[in-house]
Every structure is written in structure tokens, then in C-alpha cells.
Amino acid sequence: MTQAAQKPKKEKIPRQPMPEQAPDVRARNFDEVPIGQSPEAAIKEAERCLQCKKPVCIQGCPVEVDIPGFIALVKQGDFSGAISKVWEKNTLPAVCGRVCPQEIQCEGKCIVGKKGEPVAIGNLERFVADHERKNRNAPLPEKAASTGKKVAVVGSGPSGLTVAGDLILKGHEVSIFEAFHKPGGVLVYGIPEFRLPKDIVFSEVAGLEALGVKVAFNTVVGRTVSLEELFEQGFDAVFLGVGAGLPTFLNVPGENLIGIYSANEYLTRSNLMKAYRFPEYDTPIIRGKNVITLGAGNVAMDAARTALRLGAESSRIVYRRSRQEVPARGAEVHHAEEEGVEFFFLTAPTRFIGNEKARLTGMEGLRMELGEPDDSGRRRPLPIQDSEFELECDLVIIAVGAGANPLLTRSTEGLELNKWGYIVADEETGKTTRQRVWAGGDIVTGSATVILAMGAGRVAADSMHKYLTLGW
Amino acid sequence: MFKIVNREEMAEGTVVLNEIEAPLISRKAKPGQFVILKVNETGERIPLTMADTDPEKGTITIIYMVVGKSTALFKALKVGEGYQDVIGPLGTPTHLEKVGKVVCVGGGTGVAVLHPITRALKGVGNEVICIIGARTRDLLILEDQMKAASHDLRVCTDDGSYGHHGFVTDVLKEILEEGGVKLVVAIGPVPMMKFVSKMTRDYNVKTMVSLNPIMIDGTGMCGGCRVSVGGKTKFACVDGPEFDGHQVDYDELMARLQAYAEEEKESYDEHCALTQ
Ligand SMILES: Cc1cc2nc3c(=O)[nH]c(=O)nc-3n(C[C@H](O)[C@H](O)[C@H](O)COP(=O)(O)OP(=O)(O)OC[C@H]3O[C@@H](n4cnc5c(N)ncnc54)[C@H](O)[C@@H]3O)c2cc1C
Ligand SMILES: Cc1cc2nc3c(=O)[nH]c(=O)nc-3n(C[C@H](O)[C@H](O)[C@H](O)COP(=O)(O)OP(=O)(O)OC[C@H]3O[C@@H](n4cnc5c(N)ncnc54)[C@H](O)[C@@H]3O)c2cc1C
Ligand code: SF4
Ligand code: SF4
Ligand code: FES
């Protein structure tokens, strides 16, 4: 820490760094990359906030956390006060502090960021949440008197957990139905341990259970029990937060060779099934030496970084557009590069090559150039004739997006879907075209973010509460 | 926990039956559907077909061959103990229709998978001939049950210790020669399904097989179970596990089943060393 940083002159305080494991060390372990800040550093960071009269940062937060409000309490050292303030709007701050794309949300708007680095809102949110989890000082939110109404929440991802948390506090009985054997949705099966330790998610769910939320695992709604049967069982309202869990493949020759995974499969094996601890855990995973990840979103970064930790000698991201179009969070791209992930831009796969045992040995790629903007406003990549070349690899992870899993929607009547198979739901209320059924999160918007899924959960919970107390 | 209420060993202990308490699943399950089981916290998710269900008792029955670490752990479970997780019913149920003369061909533990399907096909009014096979007499399973589930049961052993001396395909050929067969259902080791399909193609008889690729979630979210059918990629857990046998790329399936051969051996050897 420099001397200058300790001077009382406010505007001179630099953004407090987040201590991290060194890149060469962390690239070989599954421990969390950022280590977390000290209370002193958090207070100092809080002092950087100007306590704006018109806090623009709040406009950048999809759930409108009272950012200056909680930061003021951090500054006073009142960490339990601060967490209670955050909880008013965000029930999963330990998660959001870690995974929100702050640079385009709250921090992207922060006024301090106009002339320097913005206030580290995400780090502060993470700090107060972690501090509270260790010390447990803040009073639990109060539960309203029982209404006698029963709500079913399908899926335990961030949208479902938000609905459950909101409605249990409003006095309704809440049961979550989850297909997997663990709660958390993408937070647990997708996002790796080194970015979001699973104990944090489980502790949030334990908190909901302590409030009275029931969680039924291994329950695939649409198979184990249908939506109709949930109503027959006496549920008054149902929220569908089943996520966008359908892997996209490329339809490129050789795609079924051994050594080609969807990102969903690769990450599920590693995270949910803990294959990174094989053989202590029974689920195996292919540990590639030369790994290629196709795509450049958050999912691709997670896959490429996981591959390094599973012993890859080289981990390469191959993306058909250019660096400007990379959709992943800046911090993740930065982390990946620091750890040694290499990027190949303007390259698309055309063919996978295997040996006589049907194991992957290489990938043929084609160079691309950028043409006119497409529907998404990004310049469309166009193939350059005869530019094929071969890359050696023994593991390919396809991370080019996800779609709507039709398992539940196809077996349920009266739910209107859009042309991609996502559920049509009213933006203001989360109401679907079927009475007493709400939906939100990735199954409505397509793959988005944790905080948007939580925001959709909040909107639906408000509407559900209105219905349960006043009527549809 | 999903408690085991009944347990039997068959085929010299290489095949084990568990009847498990799973009321929700047992009420919903239809022939051809499967469950995924996870034995304990560190266990993997293993798909097994329901060989039977008893909705009144709220139980399901699985019959599995002990082939690796997970099934060895399953075998060690006693009555009163149980599985940490059981998920289901998964997969598309068998398409049941009255078509006339049907031949059901089963090999190895495939017979267990075939049993509820055979019974259901007979139930909707088909004339069902059954052919089951095993390497040797002592490895044959469910003979009595299959007899009851069909109109006519033929048994084959590779070594001639019982029934017809030879493969199920020999007997199938005879029946196909007689003519009139409208549907063949073949469930067993991949090579068996491949040969049956090859034969029935020559006779132009519709053939249904049940595929067993490696799975994780069983709900269509990972794509690990993908198989090529008619040149298209299908997810066996949701699009199947039953497919038109004439369209399946068996060689690809066989190769993909070997994806973890080394890891499976490592896992199993370590397990054996520990339990010795
Ligand atoms: C690898 C990866 C990394 C990501 N990184 C980030 C990030 O850094 N920051 C960020 O903001 N966002 C990130 N995202 C996106 C974010 O995780 C999702 O937008 C968010 O989790 C969506 O929440 P959800 O509640 O809609 O559904 P999900 O989190 O998808 O949860 C849905 C749940 O429903 C269950 N379910 C599905 N079908 C059924 C059924 N029929 N019956 C019962 N249960 C069912 C599923 O098992 C699952 O648990 C990432 C996504 C992935 C895949
Ligand atoms: C839909 C379906 C229904 C099945 N029904 C039955 C049944 O009724 N009776 C029966 O005996 N077997 C059945 N199987 C096969 C059974 O799942 C495997 O034998 C079992 O997974 C072996 O696990 P293991 O750890 O003991 O052996 P391992 O040593 O792990 O592997 C032995 C063999 O099992 C395959 N296998 C390994 N892991 C999996 C997995 N997660 N999913 C699928 N296959 C895997 C491997 O390719 C290998 O060929 C079914 C498979 C599927 C997909
Ligand atoms: S929830 Fe996310 S966007 Fe909102 S303040 Fe917290 S980190 Fe920023
Ligand atoms: S915009 Fe920045 S400085 Fe202003 S209140 Fe928000 S965090 Fe503080
Ligand atoms: S097992 Fe994952 S999609 Fe079939």
C-alpha cells in the first residue's frame, strides 16, 4: 500500500485492489481466484463513494440496490446494517458481488468512473455478504403472518430462489421443485468453483430453508410430476424458472467424436458432479492436453479456464468474430488471458478429425473476415475462401450458446412459446398465457445474467403476491 | 433416501435386482422408461431401465449387471439401505400399438429392459414371440417372467448348455423365414442389436432397439447421450432411448461407450483394492 493512499484527501484514494491468487498458481487449482478484502480495505473503498444526491449507479442495477445507502453504512463500519440494506433489494449479494457484469451495470454508471476507476460496488457487496456469512449478526428478515396460500417454484436457479425468498417472507407457503440433486441451477452446475464457491450458494439455500421454504430435489416437472398435478396437489400459483438448459451444437462433421463436449456437459461433469476430484468422486471427465473452446462468452471463459485447471498444456478459445465482439465480462477475459488462455479470433470450425478409436485428434478451421452488421448489430463473420487450416487438439468444448429445453414446455398445455421455444411472459408481471402460472429468467429471455433472472423473479413474485391476495 | 425393500441376485451374482421405494416415479412410469440413480454423495449418475413398477406399493424395480464401480457399489447395498438420489421417469415411453405378430429379442441384461415392453405389447393384443439368450445357462435371467409375458418363449445359449445352441439371431432368422412378422424389438448388447437390425432389414421388418449411451442428467441438457439416427444427432435420454434400429449408427455408439474406458478401470480397480 502506498503512503499516498493513506492520506485523508478523499479524491486521492485509489480503487482498492482485490487480492487474488497469482495467475500461475490459480490456473492449476479450483480455489476461488479473488481472495476477498479486509474490513479496512472495504471501508477505504467505501470512502471513495461521493454519496451522490442522484445516484446514477442505481439505474445500472437491474434490482435497484440502494448502493450509496449500503456503502455509507460500510464506511461507518456497520457491516450488518449494510447487508440488511442490500437484502432489501437483493437476496443473493454474495453471488451477485462475484458474478454480475458490474462494468456494464452499476459500476459502468458510477460517476467516479467518469474520470477514473468507478467505486468497486461489486467487491463491496461481496464483502458485506461474506462478512455476514462468517459472523451472522444481522437480524433475519421478518416473515409476514401466514396467508395459507401455497406456491410451487419450478427450478432452483437465481430466478426461482428469488421468488421463493420473496414469497416466503410475504407469508405464503413455498415449495421448490428441482430436477437435479442439488439446488442453484447454473450457479452450481455451470459457474465453476474458482469463480463462485458452491458453499456460498448452498448457504443461501439453507437460509431459505431456515425461513421455511421446502426443496424437493430429483423432481423433473413434466416427468416426475406435471404442472396439472401441482395444481391438483393444492398449489395456488406456480413459477417456472427452468433456465435455458439446451446445448447448442454446430452440426459440423465429426461432432460426435469422443473428446467433444457441449459446455453444459463439460461444466456439469466438473462442477455438479465434481469430476475435477475424480477418482474421489466417481464421475470421470476427459482431461485434454490441447483444448479448444468454441465461443467467447462467459461460458466459454469458464470452460477454457476449467481445462487449464484439469491439466491442459494449452487452452485456446476459437471465436468466429473479432475481439470487439467478445460477449464475456471484461474481468473474465482478463483473468483467462492472465492464466494463459490463448485467443484465436475470426476462425470457425469446419470439421473435426478423429483416429481409429473415434477419439478427437484435430480440428479444421476456416479464417473469417467481418462483413456488414447482422441482426444482432454485430458485423457478420464471412468465410475467406480456401483458408482452411488444422489445429491439433484432443478436447473441444462447444460453448456457442444455449436454447430452451422443451422437456417441460412441450408437455404442458396452454403455455404460449415464442419461435425459439422460450415461454412468453408479460414483462411487467411475469404472467404467462396460462392462468396461475408465471415464468422468468433464462426460460423467458434466453441466456442472460444472474441479476436479470433475479429481477424477473422479483417482478413475478410481486405479481404472484397480488394474485394470491387479490386475484388474477 | 430411496429405500431398497427387496433384493435378489441372479446369474451367479453378476446380475442384481433391487425393488426401491419411489412412489412418485412408480405412479408415473410407463414401459420403456428409465431412472437415473446416484448411490451416495460422491457417486455418479447411472441410468437403468425400470424392469417393473408397483404403483400400489409405490416401488420400482431395477435389474442391473455388475460391470464397473458404480454397479459394484449398487450391489453392496442391502435391503433397508438405499440410494441417495433416484430421478425419473425419464425417456419417451415405448410406442404401444396392436400390429399383429411381434418378436422380442433380448440378450444379457437387455432381457430386464425387454420384460415390461414385452408384457405391454402382449397387453395391447399383439401375438408376441420372445427370444432370449445368454452366454451360458446360469447367466440366463427372467426366464419364467418372459414366458408369462409372451405367447411363445425361445431360449438360446452360446455354449449350448440350455435351449438352442447358438445366437438369438439364428432363431430370429427361422421366425422371419416363416413370415408375417410385423415388428421386432431388440434389446441387449450393442453388437446384438446391430446384427438383429441388419437381419431384419433384409426381411424389411420394422425394428425397434433401446440404446444405452453414457448419460448424465437424462433431461436433454448436456448432449452427452447423443447418438446418430438416420444421419441426425438425437439425444437418447429425451428422443429415445428407443429408436428405429435400421437407422442407428451402432459403430459410433460402441465407440462412444468406450469414452471413459481407462477412467472406469482406474475407478473400479481402486474400489476393489479398497474393499478387499
Ligand atoms: C457457465 C455459465 C457461466 C455464467 N456466468 C455468468 C456470470 O458470470 N454472470 C452472470 O450474471 N451470469 C452468468 N451466467 C448466466 C446465468 O447463470 C443465468 O442467466 C442464470 O443462472 C439464469 O437463471 P434462471 O433462474 O433462469 O435458471 P438456471 O440458473 O438455469 O436454473 C434453472 C434450474 O431449473 C432446473 N430445471 C430445469 N428444468 C426443470 C424441470 N422440468 N423441473 C424441475 N427443475 C427444472 C434446472 O435443473 C436448474 O437448476 C452464466 C451461465 C453459464 C451457463
Ligand atoms: C437408458 C439406459 C438404460 C439402461 N438400463 C440398464 C439396465 O436395465 N440394466 C443394466 O444392467 N444396464 C443398463 N444400462 C447400462 C448401465 O447404465 C451401465 O451398465 C452402467 O452405467 C455401468 O456403470 P458402472 O460404473 O458400473 O460401470 P463402468 O465401469 O463405469 O462402465 C461400464 C460400461 O457402462 C457404460 N457407462 C458408464 N457410465 C455410464 C453412464 N453414466 N451412463 C450410461 N452408461 C454408462 C460404459 O460405457 C461402459 O461400457 C442402461 C443404460 C441406459 C443409457
Ligand atoms: S446486484 Fe449486481 S448490478 Fe446490482 S449493485 Fe450488486 S453487483 Fe451491481
Ligand atoms: S454513482 Fe458512484 S459515487 Fe455516486 S453514489 Fe453511486 S457508487 Fe457512489
Ligand atoms: S443425458 Fe444429458 S442430454 Fe441426455
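Residues numbered from 1 in each chain as written. Chains lettered and ligands numbered in written order. Predicted model: local features only at pLDDT ≥ 70, side-chain atom pairs only at ≥ 80, totals over all residues. Heavy atoms only, no water.

1. Focus on the overall build of chain A
Assigned secondary structure in chain A consists of 18 helices and 16 strands. In terms of C-alpha radius of gyration, chain A reaches 23 Å, essentially the compact-globule figure of 23 Å for 472 residues. Its C-alpha atoms give chain A principal-axis dimensions of roughly 65 × 65 × 50 Å. Out of the 472 residues belonging to chain A, those deemed buried represent 58%. Put simply, 68% of the contacts in chain A that link residues at least 6 apart link residues at least 24 apart. Of the roughly 19800 Å² that chain A leaves accessible, carbon and sulfur atoms contribute 51%. Side chains of chain A give 57 positive and 60 negative charges; the mean places of these two sets differ by 4 Å. (Helix = DSSP H or I, 4+ residues; strand = E, 2+ residues; numbered from the N terminus. Rg over C-alpha atoms; globule rule 2.2 N^0.38 Å. Buried < 20%, exposed > 50% of the residue type's maximum accessible area, 1.4 Å probe, protein only. Contact = heavy atoms within 4.5 Å. Areas by Shrake-Rupley, 256 points an atom, 1.4 Å probe, with all protein chains shown as cover. Lys, Arg positive; Asp, Glu negative; His and termini not counted. Charge placed at Lys NZ, Arg CZ, Asp CG, Glu CD.)

2. Notes on the interface of chain A and chain B
Opposite the 42 residues of chain A that make contact, chain B presents 46 residues. Buried surface at the junction of chain A and chain B, summed over both partners, amounts to about 3600 Å²; 53% is from carbon and sulfur atoms. When residues of chain A are sorted by the area they lose upon contact with chain B, Arg223(A), Asn256(A) and Asp282(A) head the list and together hold 22% of the total. At the surface where chain A touches chain B, the tally comes to three salt bridges. The shortest N-O distance in the salt bridge between Glu229(A) and Lys28(B) comes to 2.5 Å. Across the chain A-chain B interface, the total number found is 21 residue pairs in polar contact (both at pLDDT 80 or more). Where the side of chain A that touches chain B is concerned, the elements lending two or more residues are strand 5 (246-247), strand 6 (260-262) and helix 13 (263-272) of chain A. Ranked by residues supplied to the side of chain A that touches chain B, first place goes to helix 13 of chain A with four residues. Residue composition of the side of chain A that touches chain B, grouped by class: 21 nonpolar, 11 polar and 10 charged. (Buried area = accessible area lost by both parts, 1.4 Å probe. Salt bridge = Lys/Arg side-chain N within 4 Å of Asp/Glu carboxyl O. Polar contact = N/O pair within 3.5 Å; in protein donor to acceptor, adjacent residues only side chain to side chain. Nonpolar A, V, L, I, M, F, W, Y, C, P; charged D, E, K, R; others polar.)

3. A short note on the domain arrangement of chain B
Residues and elements named next belong to chain B. Its domain assignment divides chain B into domain 1 (2-90) and domain 2 (101-257). Computed over C-alpha atoms, the centres of domain 1 and domain 2 are 21 Å apart. Residue-level contacts link 19 residues of domain 1 with 21 residues of domain 2. Taking both partners together, domain 1 and domain 2 bury about 1600 Å²; carbon and sulfur atoms supply 68% of that area. At the junction of domain 1 and domain 2, the tally comes to one salt bridge. Its salt-bridge partner being aspartate 52, residue arginine 119 comes within 3.0 Å of it at the nearest N-O pair. Taken together, the connections running from domain 1 to domain 2 amount to three residue pairs in polar contact (both at pLDDT 80 or more). Looking at the side of domain 1 that touches domain 2, the elements that each hand over two or more residues are strand 3 (34-38), strand 4 (46-54) and strand 5 (59-65). Ranked by residues supplied to the side of domain 1 that touches domain 2, first place goes to strand 4 with five residues. (Domains from an automatic or database assignment.)

4. Some points on the site of ligand 4
The environment of ligand 4 is formed by Cys49(A), Leu50(A), Cys52(A), Pro55(A), Cys57(A), Pro68(A), Cys110(A), Ile111(A), Val112(A) and Ile121(A). Here the shell around ligand 4 is built from residues that sort into 10 nonpolar, no polar and no charged. (Near = heavy atom within 4 Å.)

5. Details of the sheet that holds strand 6 of chain A
All names here are of chain A. Strand order across the open sheet formed by five strands is 6-14-7-8-9, with parallel pairing between neighbours. Strand pairing shows two members of the sheet lacking a second neighbour, strand 6 and strand 9 (342-344), which therefore form its edges. Across this sheet, the average inter-strand angle for adjacent strands is 25 degrees, counted without regard to direction. In this sheet, strand 14 (residues 395-398) lies alongside strand 6 in parallel orientation, the contact comprising three bridges. Following the sheet pairing, isoleucine 260 is matched in strand 14 by valine 396. (Pairing = 2+ DSSP bridges. Axes fitted to C-alpha atoms, helices over the stretch in contact; angles between N-to-C directions.)

6. A word on the environment of Glu81(B)
All names here are of chain B. Within the secondary structure, glutamate 81 is located in the loop between helix 2 (69-75) and strand 6 (82-83). Owing to a relative accessible area of 32%, glutamate 81 belongs among the partly exposed residues under this scheme. The spatial distance from the C-alpha of glutamate 81 to the C-alpha of valine 168 is 37 Å, given a sequence separation of 87 residues. If we ignore the near neighbours within four places in the chain, the residues touching glutamate 81 are Met1, Phe2, Lys3, Ile4 and Ala76.

7. Some points on the site of ligand 3
The local shell around ligand 3 consists of Cys61(A), Ile67(A), Asn90(A), Cys96(A), Cys100(A), Gln102(A), Gln105(A), Cys106(A), Glu125(A) and Ile451(A). Taken together, the residues that form the shell around ligand 3 break down as six nonpolar, three polar and one charged.

8. Quick look at the pairing of strand 11 (residues 360-373) of chain A
All names here are of chain A. Note that strand 10 (residues 347-354) and strand 11 share seven bridges and pair antiparallel. Residue pairing across strands places proline 349 opposite glycine 365, the latter belonging to strand 11. Connecting strand 10 to the antiparallel partner strand 11 that follows it, the hairpin turn spans five residues, and alanine 358 within it adopts a positive phi of roughly 65 degrees. Relative to strand 12 (residues 379-383), strand 11 runs antiparallel, the two being bridged by four bridges. Across the sheet, residue glutamate 369 finds its bridge partner in strand 12, namely leucine 382. The antiparallel pairing of strand 11 with strand 12 creates a hairpin that spans five residues between the two strands, and glycine 377 there sits at a positive phi of about 85 degrees.

9. A closer look at the sheet that holds strand 9 (residues 127-134) of chain B
Through backbone hydrogen bonds, the strands of a sheet pair up, either in parallel or in antiparallel fashion. All names here are of chain B. Reading across from one edge, 11-10-9-8-12-13-16 is the order of the seven strands in this open sheet, with mixed pairing throughout. Each edge of the open sheet is held by one strand with a lone partner, namely strand 11 (164-165) and strand 16 (242-244). Against the sheet, helix 3 (residues 110-123) touches strand 8 (101-107), strand 9, strand 12 (181-187), strand 13 (206-210) and strand 16, its axis set at about 165 degrees to strand 8.

10. Focus on the pattern of salt bridges
Two side chains bearing opposite charge may form a pair once their charged atoms approach each other closely. Residues and elements named next belong to chain A. This structure, assessed with the given rule, holds 36 salt bridges over all chains. Residues lysine 214 and glutamate 173 are paired through a salt bridge, measuring 3.6 Å at the closest nitrogen-oxygen approach. Of this pair, lysine 214 sits in strand 3 (residues 214-216) while glutamate 173 is found in strand 2 (residues 173-177), placing the two residues 41 residues apart along the sequence. With relative accessibility at 45%, the residue lysine 214 sits in the partly exposed group. The exposure class assigned to glutamate 173 is partly exposed, which follows from its relative accessible area of 38%. With a shortest N-O distance of 3.4 Å, arginine 195 and glutamate 332 are connected by a salt bridge. Remark: glutamate 332 occurs in helix 15 (residues 330-339) and arginine 195 occurs in the loop between helix 10 (186-189) and helix 11 (198-211); sequence separation between them is 137 residues. According to the relative accessible area criterion, glutamate 332 is buried, its value standing at 3%. One continuous salt-bridge network, built from bridges that share partners, spans Glu20, Arg26, Arg195, Asp302, Arg305, Arg309, Arg329, Glu332, Glu338 and Glu339.

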